[in-house]
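# Reading the structure
As a plain string of letters, each chain reads:
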Amino acid sequence: MARRALITGITGQDGSYLAEHLLSEGYEVWGLVRGQANPRVPRVRRLLQDVRLVRGDLLDQGSLISAVEKVQPDEVYNLGAISFVPMSWEQAELTAEVTGMGVLRVLEAIRVCSGITASRGSSAGQIRFYQASSSEMFGQVRETPQTERTPFHPRSPYGVAKAYGHFLTQNYRESYGMFAVSGILFNHESPRRGAEFVTRKVSLGVARIKLGMAAELRLGNLEARRDWGFAGDFVRAMHMMLSAADPEDYVIGTGRTHSVRELVEAAFAAADLDWERHVVCDTSLHRPAEVDLLCADPKKARTQLGWEPTVSFEELVATMVETDLRLLADGGDPEQDSSWA
Ligand code: NAP
Ligand code: G4F
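Quick notes on the rules
- Residues numbered from 1 in each chain as written.
- Chains lettered and ligands numbered in written order.
- Predicted model: local features only at pLDDT ≥ 70, side-chain atom pairs only at ≥ 80, totals over all residues.
- Heavy atoms only, no water.
- UniProt positions renumbered as here; feature names shortened; annotations may be inferred.
- Helix = DSSP H or I, 4+ residues; strand = E, 2+ residues; numbered from the N terminus.
- Rg over C-alpha atoms; globule rule 2.2 N^0.38 Å.
- Buried < 20%, exposed > 50% of the residue type's maximum accessible area, 1.4 Å probe, protein only.
- Contact = heavy atoms within 4.5 Å.
- Areas by Shrake-Rupley, 256 points an atom, 1.4 Å probe, with all protein chains shown as cover.
- Lys, Arg positive; Asp, Glu negative; His and termini not counted.
- Charge placed at Lys NZ, Arg CZ, Asp CG, Glu CD.
- Expected span 1.5 Å × (residues − 1).
- Pairing = 2+ DSSP bridges.
- Right-handed = clockwise from strand over helix to strand, strands pointing away.
- Salt bridge = Lys/Arg side-chain N within 4 Å of Asp/Glu carboxyl O.
- Near = heavy atom within 4 Å.
- Polar contact = N/O pair within 3.5 Å; in protein donor to acceptor, adjacent residues only side chain to side chain.
- Nonpolar A, V, L, I, M, F, W, Y, C, P; charged D, E, K, R; others polar.

Looking at an unreviewed UniProt entry, one finds the chain named GDP-mannose 4,6-dehydratase and attributed to Microbispora bryophytorum subsp. camponoti. The UniProt entry for the chain carries this comment under Sequence similarities (unreviewed entry): "Belongs to the NAD(P)-dependent epimerase/dehydratase family. GDP-mannose 4,6-dehydratase subfamily." Taken directly from UniProt, the Function (unreviewed entry) text for the chain runs: "Catalyzes the conversion of GDP-D-mannose to GDP-4-dehydro-6-deoxy-D-mannose."

Bringing the overall build of the chain into the picture now. A tally of helices and strands in the chain yields 11 helices and 13 strands. Radius of gyration (C-alpha) of the chain: 20 Å, near the 20 Å computed for a compact globule of 341 residues. Referenced to the eigenvectors of the C-alpha coordinate spread, the extents of the chain come out at roughly 65 × 45 × 40 Å. Counting across all 341 residues of the chain, residues that qualify as buried make up 53%. The contacts in the chain between residues at least 6 apart in sequence include a share of 78% that link residues at least 24 apart. If you sum the accessible surface of the chain, you get close to 14800 Å²; carbon and sulfur atoms cover 47% of it. Within the chain, the 45 negative side-chain charges are centred at a point lying 3 Å from the centre of the 37 positive side-chain charges.

Further remarks concern helix H6 (residues 157-176). Taking 1.5 Å per residue as the helical rise, H6 with its 20 residues ought to reach 28 Å, and the 28 Å between its terminal C-alpha atoms agrees with that figure. The inward-facing, buried residues of H6 abut helix H4 (85-90), helix H5 (92-113), strand E5 (128-134) and strand E6 (180-185). After H6 finishes, the residue Gly-177 shows a positive phi value of roughly 70 degrees.

What follows covers the pairing of strand E1 (residues 4-8). The buried fraction of E1 is high, at five of five residues. Burial along E1 is two-sided: the face carrying Arg-4, Leu-6 and Thr-8 and the face carrying Ala-5 and Ile-7 are both buried. Summarising the sheet, E1 and strand E2 (residues 28-33) pair through five bridges and their orientation is parallel. When the bridges of E2 are listed, Arg-4 appears paired with Glu-28. Remark: the E1/helix H1 (residues 13-24)/E2 crossover connection has right-handed handedness. Note that E1 and strand E4 (residues 75-78) share four bridges and pair parallel. Looking at the pairing, Leu-6 lines up with Val-76 of E4.

In this structure the tally under the stated criterion is 18 salt bridges. A salt bridge links Arg-105 to Glu-97; its shortest N-O distance comes to 2.5 Å. Exposure remark for Arg-105: the relative accessible area of 11% places this residue in the buried category. Across the pair Glu-314 and Arg-256 runs a salt bridge, and its minimum N-O distance is 3.4 Å. With Glu-314 in helix H11 (residues 313-329) and Arg-256 in the loop between strand E11 (250-252) and strand E12 (258-259), this residue pair connects regions lying 58 residues apart in the sequence. According to the relative accessible area criterion, Glu-314 is partly exposed, its value standing at 41%.

Glancing now at the site of ligand 2. Near ligand 2 lie 24 residues; those nearest to it are Ser-134, Ser-135, Tyr-158, Arg-287 and Glu-290. The separation between an oxygen atom of ligand 2 and a polar side-chain atom of Ser-135 is 2.6 Å. A distance of 2.5 Å is found between an oxygen atom of ligand 2 and a side-chain nitrogen or oxygen belonging to Arg-287. When ligand 2 sits alone it has 710 Å² of accessible area, and the protein chains cover 95% of it. By residue class, the composition of the shell around ligand 2 is 11 nonpolar, six polar and seven charged.

In structure tokens:
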């Protein structure tokens, strides 16, 4: 019998890559979709034809219980979240509900459907659970690079909500003996990245300027540093974590850090453009509290899981720019068509 996976956040960047990866591993894949007429569902149906869909919302406990009952999954990947950090200041309560409390609701759905009532139940035959934790939890970092043991100091309501989900996952593992793990993932990008995140904003901006559709690109803090990797590499790590013998948390990142300025230089250079002629620094895009520096130490994932990233920062940026140049030149709409080629 094929193993069965349920993915929340199937309409997002990671949901798409994870679904493709699990399908290629022979899984039966189900995606949780919310809303009466979610505009991203037709794209999922078109591009991930072998994925089955089930309705549910991270805000609705009953819907999650029904979804788990219907799908009877072996593995649940909780990727659903409000994931855009600036939005978490504008809608802090909603972020807490979806990104934080949503984790509790998924864990409870698994616990109830598995009939786990006593503390420290047996882990035999249990549904395995993956939580999408984030390097945003490190926030104002206490040490560099960051490991599984680095303390958290989140700098946004999003980071705080993720820290809640992270500790809750650990707590369900310790309280109920559940196979529940968190991947502390650093920034990962692709041509499928939402247009609001800085890498895609830059690759789309470069493509528009190159094609004469825009003259400038407005950006916020160019000095922030991130450890940027390729999303396709990172979803493999999620699957490896749920396939491991023991439930443990892992840091997943490349171990290399670059500033937003370096990202901009690389992206404009990939299209033979001089970034200083086009980029406008806009302080209204600065955040109330910034995460200045993120850099992973992925040693545990390398040694225990055998996980390695395969795409360099330079390759990633060049691919994103090339793909957006093709998309816009062909008249595509980045919000609708995205670059799922
Ligand atoms: P994304 O593209 O923003 O996707 C977020 C997903 O969450 C979408 O499918 C969205 O569905 C879903 N969602 C939002 N509200 C929901 C609700 N109330 N109920 C059910 N689903 C809901 O995010 P991503 O980049 O793929 O990231 C996946 C996960 O990893 C997120 O939890 C993110 O916080 C975390 N993470 C990402 C990174 C990264 O660099 N990408 C790094 C660390 C952690 P709709 O289409 O219905 O809105
Ligand atoms: O691309 P970003 O919006 O990603 P951020 O805030 O690092 O969050 C992403 O990665 C997290 C993992 O560390 C995830 F958990 C989270 O869900 C999300 O996927 O911004 C990156 C950096 C920031 O320092 C920001 O201040 O780029 C800087 N930046 C400068 N100008 C900008 C802009 N970010 C955006 N989005 N737009 C700008 O114009």
